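Next come the chains, spelled out residue by residue.
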Amino acid sequence: MKEVGEEAARKRYSTNLPARDWQQLEPLLVVRRRGKWPLVKVINAILYVLKNGCVWRDLPGDLPPWGTVYWYFAKWEAMAPGNGSARV
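Residues numbered from 1 in each chain as written. Predicted model: local features only at pLDDT ≥ 70, side-chain atom pairs only at ≥ 80, totals over all residues. Heavy atoms only, no water.

Caption draft 1: Highlighting the overall build of the protein. Scanning the protein for helices and strands turns up 3 helices and 2 strands. Across the protein, helices and strands are ordered from the amino to the carboxyl terminus as α-β-α-α-β. Counting all 88 residues of the protein, 38% fall into the buried class. Counting only carbon and sulfur atoms, one obtains 53% of the accessible surface of the protein, whose full area is about 5700 Å². (Helix = DSSP H or I, 4+ residues; strand = E, 2+ residues; numbered from the N terminus. Buried < 20%, exposed > 50% of the residue type's maximum accessible area, 1.4 Å probe, protein only. Areas by Shrake-Rupley, 256 points an atom, 1.4 Å probe, with all protein chains shown as cover.)

Laid out in structure tokens, this is it:
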């Protein structure tokens, strides 16, 4: 199954979202901040940390920088209770 944001040189992780899952999740994420990294890569990095239980700074080098990933995670986590969509 093809993953979103997958590139030939990019390592595949068991936590990467399949394209069909990303298509369902993407409309729920309203983002005001546009950065260098596609959101799907940020989501994949968050899933990597949550599944593997590693600290943010231990993200592999082919994923977005830990600070970027943590910034999105913290914003979405703070907005989670009672929110129908995540806004950044």
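Caption draft 2: Looking closely at helix α2 (residues 39-52). Over its 14 residues, α2 extends 20 Å from the first C-alpha to the last, a length consistent with the 20 Å expected when each residue adds 1.5 Å. Extensive coverage of α2 is indicated by the burial of 10 of its 14 residues. Within α2, the full set of buried residues consists of Leu39, Val40, Lys41, Val42, Ile43, Asn44, Ala45, Ile46, Tyr48 and Val49. Of the surrounding secondary structure, the elements contacted by the buried residues of α2 are α1 (19-25), β1 (29-30) and α3 (66-79). The first or second residue beyond α2 is Gly53, which carries a positive phi of 70 degrees. (Expected span 1.5 Å × (residues − 1). Contact = heavy atoms within 4.5 Å.)

Caption draft 3: How the structure looks around the packing of aromatic side chains. Summed over all chains, the structure comprises 6 aromatic pairs. With centroids separated by 5.3 Å and ring planes inclined at 70 degrees, the aromatic side chains of Trp56 and Tyr70 adopt a geometry described as edge-to-face. With Trp56 in the loop between α2 and α3 and Tyr70 in helix α3, this residue pair connects regions lying 14 residues apart in the sequence. Take Trp56: its relative accessible area is 17%, and that puts it in the buried class. Ring centres of Trp71 and Tyr72 lie 5.1 Å apart, and the angle between their planes is 90 degrees; this geometry places the pair in the edge-to-face category. A residue is classified by how much of its surface remains accessible, and Trp71, at 28% relative accessible area, is partly exposed. By the ring-pair criterion, three or more aromatic residues cluster together here, those being Trp56, Tyr70 and Phe73. (Phe/Tyr/Trp six-rings, centres within 6.5 Å; stacked < 30°, edge-to-face > 60°.)

Caption draft 4: Examining the nonpolar core more closely. Among the nonpolar cores identified, the biggest contains 21 residues, and Trp22, Ile46, Leu59 and Trp76 are the most heavily contacted of them. Residue assignment for this core shows that the elements contributing at least two residues are α2 and α3. For this core, the element with the most residues is α2, which contributes 8 residues. (Core = buried A, V, L, I, M, F, W, Y, C linked by side-chain atoms within 4.5 Å.)

Caption draft 5: View of α3. The terminal C-alpha atoms of α3, which comprises 14 residues, lie 20 Å apart, in line with the 20 Å expected from a rise of 1.5 Å per residue. Within the span of α3, buried status applies to Val69, Tyr72, Phe73 and Trp76. Projected down its long axis, α3 carries its buried residues within an arc of 100 degrees, all on one side. (Arc of directions from axis to C-beta.)

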